[in-house]
Amino acid sequence: MTESAQQLIADFIHRGVVLAGRLQLPKDDAFEFADKLKTIGVGIYGLELWYYSDERPEQPLEYPWSPDYSGFVNDPEFVAKTIDAAKGYIEHEIPGHIKLT
């Protein structure tokens, strides 16, 4: 991981939680994080979505149908395409009950 990516994570870590070894952010913060990833040239291989259930409100659950962008890995426009796809999903397609991405 690049130093700039590490610094970006450090800047955002207080806004979310770490689940399964990955930083999970509320939707608005995830959108901003994606913009900043694009500025440092880092793409997104996929999103992991999490939600809270009434049965176990203290334990977030992983949404099983999270988008995967790894198919763009050999595309010369990997960074732009994956960031745009992730932002589009967060803005327009993310299920309403999802709280972390």
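Residues numbered from 1 in each chain as written. Predicted model: local features only at pLDDT ≥ 70, side-chain atom pairs only at ≥ 80, totals over all residues. Heavy atoms only, no water.

Trainee: Account for the packing of helix H2 (residues 27-39) against helix H3 (residues 78-93), naming residues and giving values.
Mentor: Interhelical geometry of H2 versus H3 gives an angle of 170° and a closest axis separation of 10 Å. Here H2 lies roughly antiparallel to H3, going by the angle between them. The two elements H2 and H3 meet at a crossing, and its hand is left-handed. Packed against H2, whose contacting residues are Lys 27, Ala 30, Phe 31, Ala 34, Asp 35, Leu 37 and Lys 38, the element H3 presents Val 79, Ala 80, Ile 83, Asp 84, Lys 87, Ile 90 and Glu 91 at the interface. Tallied by class, residues from the contact of H2 with H3 come to eight nonpolar, no polar and six charged. (Axes fitted to C-alpha atoms, helices over the stretch in contact; angles between N-to-C directions. Helix = DSSP H or I, 4+ residues; strand = E, 2+ residues; numbered from the N terminus. Parallel < 35°, antiparallel > 145°, perpendicular 65-115°, else oblique. Left-handed = near helix turned anticlockwise from the far one by under 90°. Contact = heavy atoms within 4.5 Å. Nonpolar A, V, L, I, M, F, W, Y, C, P; charged D, E, K, R; others polar.)

Trainee: Now, about the sheet that holds strand E4 (residues 61-62): what can you tell me, with residues and values included?
Mentor: Read across the open sheet, the three strands follow the order E4-E3-E5; overall the sheet is antiparallel. Bordering the open sheet on either side are E4 and strand E5 (98-100), each of which pairs with just one other strand. (Pairing = 2+ DSSP bridges.)

Trainee: Account for the environment of Pro 26, with residues named and values stated.
Mentor: Position of Pro 26 relative to the elements: it lies in the loop between strand E2 (22-24) and H2. The partly exposed category is assigned to Pro 26, whose relative accessible area is 29%. Spatially, the C-alpha atoms of Pro 26 and Arg 15 are 7.7 Å apart, while their sequence positions differ by eleven residues. Every residue in contact with Pro 26, bar those within four places of it in the chain, is listed here: Arg 15, Gly 16, Lys 99 and Leu 100. (Buried < 20%, exposed > 50% of the residue type's maximum accessible area, 1.4 Å probe, protein only.)

Trainee: Outline helix H1 (residues 3-12), supporting the account with residue identities and numerical values.
Mentor: Because each turn of an α-helix spans 3.6 residues, side chains separated by three or four positions in sequence point in the same direction. Within H1, the full set of buried residues consists of Ala 5, Leu 8 and Phe 12. Within H1, the buried residues cover an arc of 60° as seen down the axis, which keeps them to one side. Tucked inside the fold, the buried residues of H1 contact E2 and H2. (Arc of directions from axis to C-beta.)

Trainee: Go over the packing of H1 against H2 with me, naming the residues and quoting the values.
Mentor: The contact between H1 and H2 brings their axes to 11 Å, and the two run at 160°. Relative to H2, the element H1 is oriented roughly antiparallel. In terms of crossing hand, the pair formed by H1 and H2 is right-handed. Facing Leu 8, Ile 9 and Phe 12 of H1, the residues of H2 in contact are Asp 29, Glu 32, Phe 33, Lys 36 and Leu 37. For the contact of H1 with H2, the per-class residue count stands at five nonpolar, no polar and three charged.

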